[in-house]
Amino acid sequence: MTQSDPHIVIVGAGQAGLQAAETLRSNAFDGRITLLGNEPHPPYHRPPLSKAWLTDELNPGQLSIRDVSVLERKNIDFRAGVRVSAIDIEDRSVLLHGGDRLAYTGLMLATGATPRRLPHNGAAGDAIRVLRSREDADRIALGLKDCAERELPLIVIGGGFIGLEIAASARKLGIAVTVLEAAPRLLERAFTRELSDWYAQLHLSHGAHLVFDARIASIDATSDGATTIQLADGRSFVAGLAVAGIGVRPNDELAQAAGIACDNGILVDDCGCTSAPNIVAAGDCTVRRLSDGTLLRLESVQNAVEQGRAAALALLGTRKPFVATPWFWSDQYDIKLQIAGLSRGADSHVVRGDMTGHSFSIFHFRAGRLIAVDSINAAKDHMLARQIIGGEVSPTVEQVNDPSFNLATLRAK
Ligand SMILES: Cc1cc2nc3c(=O)[nH]c(=O)nc-3n(C[C@H](O)[C@H](O)[C@H](O)COP(=O)(O)OP(=O)(O)OC[C@H]3O[C@@H](n4cnc5c(N)ncnc54)[C@H](O)[C@@H]3O)c2cc1C
């Protein structure tokens, strides 16, 4: 193959891979694009899998991000059910499971992440479900149905975003729920103590049972299909369904095996370039080194989309660093949480609005500058935060504390 016969291969047909393919086309790339995904579906939205999909409020059409017919029209060669098993950097080709080889002139890795599993193996270990794919969600939905029929509870291991969303969905279905959290509070790394407590209260008010400092000693599958979870302090819980939401590990094995630099994720710069020539990466499989030397790994739709776009442009020779303020959302019951920015390292926090109600925002400051805002049913605060965080002018703690101060005046003109 010559450079006059360009062929970009994208490994992973999720949010980042699809974005990259479409960015290539909308930026006048008229060579071949092959989008390889090892799942049996065209690209689909993962966020509803823990939310509306579990409560049966969404049809398959609404889960899909892009129809195959649209991909065909854009001349994107999408192949479902195809797993890439190796990258040959010297030869500029990828090896497909089954033995075929595909040559590339540019390669994008968008392989996502895999849920971590508990270190309890064997049949009982398998009884603990995880949630990443549509198949995982369908199995959990079936398990919830079974819980409802047999009046058995759901046990969620891990009070993080995905676990709490599954818990909220199950409560919506009227299923008894217990959340076992190893830390002393919910979402300890993401939230201030007061927001953790507020979320705990939210779940308690919907009838969920929360257990903190929960150390799992053993998990046993019982003969009637239930699961018994024993804690180190002697307490034991019987579940009709047990689901673990204890984080993910980035799918960086292909890159590692090919000698591409990784550090708990494929290392990329702010344009998505990896340590290997003509190979970029984007989405949950990546990690970025920030200017202060720390590593940042984001698992969000926004990161996958914007990094996918930047990485595709980099393959076309255009370096357009993606510097947007990170944002994320989570839906639990009737509460929409929206986070703008990164609150790690914050040294002060200001609540704007009323935390006894269902609409307020927490503003996080570091050295007097606004670095992040967590908004609860406060979409306007969130949109504003995305515009002013990282901008030239930061509101002061006093301004945020003053309900009569109009923060919109700080928006870049
Ligand atoms: C249940 C759930 C709820 C979520 N909720 C939210 C939310 O509310 N808000 C938010 O911002 N984010 C949310 N997220 C996170 C968000 O969905 C992810 O950050 C985003 O999907 C990442 O996109 P990606 O393209 O990097 O990875 P993925 O979407 O995971 O796509 C990667 C694809 O690559 C495939 N693949 C892997 N290895 C290979 C291989 N060797 N060959 C071929 N294909 C391969 C995988 O099977 C997968 O299909 C949620 C995620 C989950 C699972």
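Note that the structure is predicted; figures quoted are calculated from it, not measured.

Calculation notes
Residues numbered from 1 in each chain as written. Predicted model: local features only at pLDDT ≥ 70, side-chain atom pairs only at ≥ 80, totals over all residues. Heavy atoms only, no water. Helix = DSSP H or I, 4+ residues; strand = E, 2+ residues; numbered from the N terminus. Rg over C-alpha atoms; globule rule 2.2 N^0.38 Å. Buried < 20%, exposed > 50% of the residue type's maximum accessible area, 1.4 Å probe, protein only. Contact = heavy atoms within 4.5 Å. Areas by Shrake-Rupley, 256 points an atom, 1.4 Å probe, with all protein chains shown as cover. Lys, Arg positive; Asp, Glu negative; His and termini not counted. Charge placed at Lys NZ, Arg CZ, Asp CG, Glu CD. Pairing = 2+ DSSP bridges. Phe/Tyr/Trp six-rings, centres within 6.5 Å; stacked < 30°, edge-to-face > 60°. Near = heavy atom within 4 Å. Polar contact = N/O pair within 3.5 Å; in protein donor to acceptor, adjacent residues only side chain to side chain. Nonpolar A, V, L, I, M, F, W, Y, C, P; charged D, E, K, R; others polar. Domains from an automatic or database assignment. Salt bridge = Lys/Arg side-chain N within 4 Å of Asp/Glu carboxyl O.

Attention shifts here to the overall build of the chain. Scanning the chain from N- to C-terminus turns up 11 helices and 26 strands. For a compact globule of 413 residues, the expected C-alpha radius of gyration is about 22 Å, and the chain comes in at 23 Å, within 12% of that figure. For the chain, buried positions account for 51% of its 413 residues. For the chain, the proportion of contacts with a sequence separation of at least 24, taken over those separated by at least 6, is 59%. Looking at the chain as shown, the accessible area adds up to about 18,700 Å², and 49% of this sits on carbon and sulfur atoms. Taken together, the 42 basic and 47 acidic charged side chains of the chain have centroids lying 3 Å from each other.

Glancing now at the pairing of strand β15 (residues 236-239). Along β15, the buried face is formed by Phe237 and Ala239; none of Ser236 and Val238, which line the opposite face, is buried. Two elements, strand β14 (residues 227-231) and β15, share four bridges in a ladder whose sense is antiparallel. The partner of Gln230 across the bridge, within β15, is Ser236.

What follows is about the packing of aromatic side chains. This model, assessed by the stated rule, comprises six aromatic pairs. Measuring from ring centre to ring centre gives 4.9 Å for Phe161 and Phe328, while their planes differ by 50°; the resulting arrangement is tilted. You can see Phe161 sitting in helix α6 (residues 161-172) and its partner Phe328 sitting in strand β22 (residues 327-332), a full 167 residues away along the chain. Seen from their ring centres, Phe191 and Tyr199 are 5.2 Å apart, and the 35° between their planes marks the pair as tilted.

Here the focus is the site of the ligand. The immediate surroundings of the ligand are formed by 31 residues, with Asn38, Glu39, Arg46, Lys51 and Arg132 found nearest. In the model, an oxygen atom of the ligand is placed 3.0 Å from a nitrogen or oxygen of the Trp329 main chain. Contributing elements (two or more residues each) for the shell around the ligand: α1 (15-26), β2 (32-37), α9 (301-315) and β22. Among the residues forming the shell around the ligand, the class breakdown is 14 nonpolar, 10 polar and seven charged. Residue assignment places the shell around the ligand across two domains, with domain 1 (7-114 + 248-315) and domain 2 (122-244) each supplying three or more.

Positionally, Arg66 belongs in the loop between α2 (60-63) and α3 (68-73). Classification of Arg66 by relative accessible area gives partly exposed; the value is 26%. Here the alpha-carbon distance between Arg66 and His364, two residues 298 residues apart in the chain, equals 37 Å. Residues in contact with Arg66, not counting those within four places in the same chain, are Leu18, Glu22, Pro42, Pro43 and Leu71. Polar side-chain contacts of Arg66 include one of 2.8 Å to the side chain of Glu22.

A side chain with one charge may pair with a side chain of the opposite charge, provided their charged atoms come close. Taken as a whole and assessed by the stated rule, the structure comprises 20 salt bridges. Close ionic contact of Lys172 with Glu57 constitutes a salt bridge, the shortest N to O distance being 3.7 Å. Placement of Lys172 in helix α6 and of Glu57 in the loop between β2 and α2 is noted, with a sequence separation of 115 residues between them. Across the pair Asp233 and Arg235 runs a salt bridge, and its minimum N-O distance is 2.8 Å. Salt bridges sharing partners connect three or more residues here, namely Glu22, Arg66 and Lys74.

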